[in-house]
Amino acid sequence: MAVVEIKVPDIGDFKDVTVIEVLVKPGDAVKAEQSLITVESDKASMEIPSSHAGVLKELMVKLGDKLNIGDLLALLEVAGGAAVPVAATAAAVQAVPVATPVAAAAAPAVAPVAVAAASATQPAHNPTVVAAGLPHASPSVRKFARELGVPLNEVKGTGLKGRITDKDIQSFTQSVMSGAVKTQAIAAQAPASGASGAGLGLLPWPVVDFTKFGPVERRDLSRIKKISAANLHRNWVMIPHVTNHDDADITDLEAFRVSTNKENEKSGVKVTMLAFLIKACVAALKKFPEFNASLDGDQLVLKQYYHIGFAADTPNGLMVPVIKDADKKGIFQISQEMSELAKKAREGKLSPAEMTGAGFTISSLGGIGGRYFTPIINAPEVAILGVCKSSMEPVWDGKTFVPRLMLPLSLSWDHRVIDGAGAARFNVYLGQILGDFRRVLL
Ligand code: CAO
């Protein structure tokens, strides 16, 4: 028997993360890669796995402890002397962003309809409430709460020493549901102007037995889909979105991209249109800084860094890796990093650090098709650019129609921060850069 020290692996930029869950106890048989504890920063919660298989001899951490990379977590007795560790790197850490699968926001992921009236057993959900101390709940209860999008810090625990139980989660959900129904009733009595602004007055979700109409198959949503669904819902409902559509003439840029790829065939790096779009967006963000910002109460936080997220379609759902400091990188480096990050996203190996910090996001469906769409802003960002498939179109040059390669752009923006004129200017400027990249130098 050998004793192995299990330490906190590389968890990216996160410091002083709090232990919110201890998933094992001394004497437990632990498998390699089995989660030992859950830690949480303001951006993500992460399960930290064991690098070895063995029996837990001693646990060095407790709930509420603050941890950093390299801190000792546990001592593990492993069979024989030559146990081969599993790489407990950040990639092995199971990260669950607090907000979208990429973007980070501290608000709990739950539909704002929950702000409505509450039942007597559970207080109304309030997204601004930050509970003092850590909510106590077992891993299975936490999992249950996560699946339902219930913010644990707002649930009153009725178990031993205030622990939250399955029942508490159920009654919280019921209170939210009955709140929605009550709001509907209140809305029905309210003056037509709806001046109070309270509640959404929505109908309850229809409950349908689909088997009455034909055969069906039930499939569980993936973990990522569940998280992104709750976050997308919040972002869609809480942010007053407007989307401006425009076209950019990329005829010359595409010709340049194709010739660059031909010249550099042997380098193994394929220059993508998305890399040019990232660079063009950086230039536009520099000219219109309010697009690279976040709302914090009555203040706008203007970012002086240029980290650009890009949506990646993966078998498990949507992920948004982030190209950090895109202003300091060239097209080749951005293309290479993008292809590495997209590969990691598809393999489910993105670390929390690789998914956080974006100031602006691009969602490109260009490789797939379509004309325009309305992308949902990745809170706490205030704008997102959607890009569709370019196509040859007849464009009037003042004398005649000429064939030009046109790229459809769809910019969604937060009307609390940006107004229509600013958004139109952003798109026009972006189009000018994509039409002639020399403008970046001006
Ligand atoms: N117009 C026309 N063709 C385009 C294009 C555009 N705007 N953008 C890319 N293409 C073409 C490329 O030229 C390439 O063609 P070839 O294979 O002939 O060279 C092909 O589409 C694939 O493009 P790519 O390899 O350059 O990949 P990409 O940079 O377009 O996309 C990534 C990478 C990760 C963004 C993409 O794989 C992806 O996941 N897209 C989906 C994003 C998404 O789901 N967004 C929706 C979010 S909201 O739910």
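Residue positions are given per chain, counting from 1 as you read along its sequence in written order. Per-residue local features of the predicted model are confined to residues with pLDDT of at least 70, and side-chain atom pairs are confined, for both listing and counting, to 80 or more; whole-chain, interface and lining totals are unaffected and use all residues. As a rule here, side-chain values come from all non-hydrogen atoms in the structure, and water together with hydrogens is ignored.

Enquirer: I tried to follow helix 7 (residues 420–435) on my own but got confused; where do I start?
Expert: Since the α-helix turns once every 3.6 residues, residues separated by three or four places project in the same direction. Under the 1.5 Å per step criterion, the end-to-end length of helix 7 is 22 Å for 16 residues, consistent within 8% with the ideal 22 Å. Among all positions of helix 7, only Gly422, Ala423, Phe426, Asn427, Tyr429, Leu430, Gly431, Ile433 and Leu434 are buried. Those residues of helix 7 hidden inside the fold are in contact with strand 10 (241–249), helix 4 (251–263), helix 5 (273–287), strand 17 (360–364), strand 18 (383–387) and strand 20 (401–414). Only DSSP runs of H or I with at least four residues qualify as helices, and only runs of E with at least two residues qualify as strands; both kinds are numbered from the N terminus onward. Each residue after the first adds 1.5 Å to the expected span of a helix. Residue burial is assigned from relative accessible area. The probe radius is 1.4 Å, only protein chains are included, and a residue is buried under 20% of its type maximum, exposed over 50%, and partly exposed in between. Note on definitions: a residue-residue contact is assigned when non-hydrogen atoms from the two residues lie within 4.5 Å.

Enquirer: How should I be thinking about helix 3 (residues 223–238) in this particular structure?
Expert: The terminal C-alpha atoms of helix 3 lie 23 Å apart, and with 16 residues this matches the ideal 22 Å at 1.5 Å per residue to within 8%. For helix 3, the complete set of buried residues consists of Ile227, Ser228, Asn231, Arg234 and Asn235. One side of helix 3 holds all its buried residues, which, seen down the axis, span an arc of 125°. Working definition: the arc comes from the directions between the helix axis and the C-beta atoms, pointing outward to the latter.

Enquirer: Can you help me understand unusual backbone geometry in this one?
Expert: Most of the time, phi is negative for any residue but glycine, and the peptide bond is trans. Between Ala379 and the following residue, Pro380, the backbone shows a cis peptide bond with an omega angle of 10°. In this fold, Pro380 is placed in the loop between strand 17 and strand 18. The phi torsion at Asp16 lies on the positive side, around 50°, for a residue other than glycine. Structurally, the position occupied by Asp16 is in the loop between strand 1 (2–7) and strand 2 (17–22). By relative accessible area, which is 46% here, Asp16 ends up partly exposed. Positive phi is not limited to glycine here, since Asp325 has a value of about 50°. Here Asp325 is to be found in the loop between strand 16 (322–323) and helix 6 (331–347).

Enquirer: Sorry, what's going on with the side chain of Arg234 here?
Expert: Mapping Arg234 onto the fold places it in helix 3. The buried charged residue Arg234 lacks any salt bridge, with Glu381 as its nearest oppositely charged partner at 9.9 Å. Residues counted as positive are Lys and Arg, residues counted as negative are Asp and Glu, and His and the chain ends are not counted. Salt bridge, as used here: a side-chain nitrogen of Lys or Arg that lies within 4 Å of a carboxyl oxygen of Asp or Glu.

Enquirer: Would you mind going over the packing of aromatic side chains with me for this structure?
Expert: Aromatic ring pairs are described here by two measures, namely the spacing of the ring centres and the angle between the planes. For this analysis, a ring pair means two rings from Phe, Tyr or Trp (six-membered ring only for Trp) whose centres lie within 6.5 Å, classed as stacked if their planes differ by under 30 degrees, edge-to-face if by over 60, and tilted for the remaining angles. Applying the stated rule across the entire model yields eight aromatic pairs. For the ring pair Phe360 and Phe426, a centre distance of 5.8 Å and an interplane angle of 40° mean the geometry is tilted. Placement of the pair is Phe360 in strand 17 and Phe426 in helix 7, with a sequence separation of 66 residues. The class for Phe360 is buried, based on a relative accessible area of 0%. Counting every residue linked through ring pairs, the aromatic cluster contains Phe288, Phe291, Phe360, Phe426 and Tyr429. The criterion for a charge sitting over a ring is simple: Lys NZ or Arg CZ within 6 Å of the ring centre, and within 35 degrees of the ring normal. Over the face of the ring belonging to Tyr306 we find Lys286, whose NZ or CZ atom lies 5.4 Å from the ring centre. Positioned over the ring face of Tyr429 is Lys287, at 5.1 Å from the centre of the ring.

Enquirer: Help me understand the site of the ligand, please; the structure alone is not making it clear to me.
Expert: By convention in these notes, a residue is near a molecule or strand provided one of its non-hydrogen atoms lies within 4 Å of it. The immediate surroundings of the ligand are formed by 18 residues, with Asp313, Ser363, Gly367, Cys388 and Ser390 found nearest. Note that an oxygen atom of the ligand is positioned 3.3 Å from one of the side-chain N or O atoms of Lys270. Pairs of N or O atoms are called polar contacts if they sit within 3.5 Å, as long as, within protein, a hydrogen donor faces a hydrogen acceptor (for residues adjacent in sequence, only side-chain-to-side-chain pairs). Taking Gly366, its main chain carries an N or O atom lying 3.4 Å from a nitrogen atom of the ligand. Computed with a 1.4 Å probe, the accessible areas rest on the Shrake-Rupley method; for each residue, only the protein chains presented here act as cover. Protein burial of the ligand: of its 990 Å² of free accessible surface, 65% is covered by the chains. For the shell around the ligand, the elements supplying multiple residues, two or more each, are strand 14 (312–314) and strand 17. Of the residues in the shell around the ligand, the class split is eight nonpolar, six polar and four charged. Side-chain classes are defined by residue name, with Ala, Val, Leu, Ile, Met, Phe, Trp, Tyr, Cys and Pro counting as nonpolar, Asp, Glu, Lys and Arg as charged, and the others, Gly among them, as polar.

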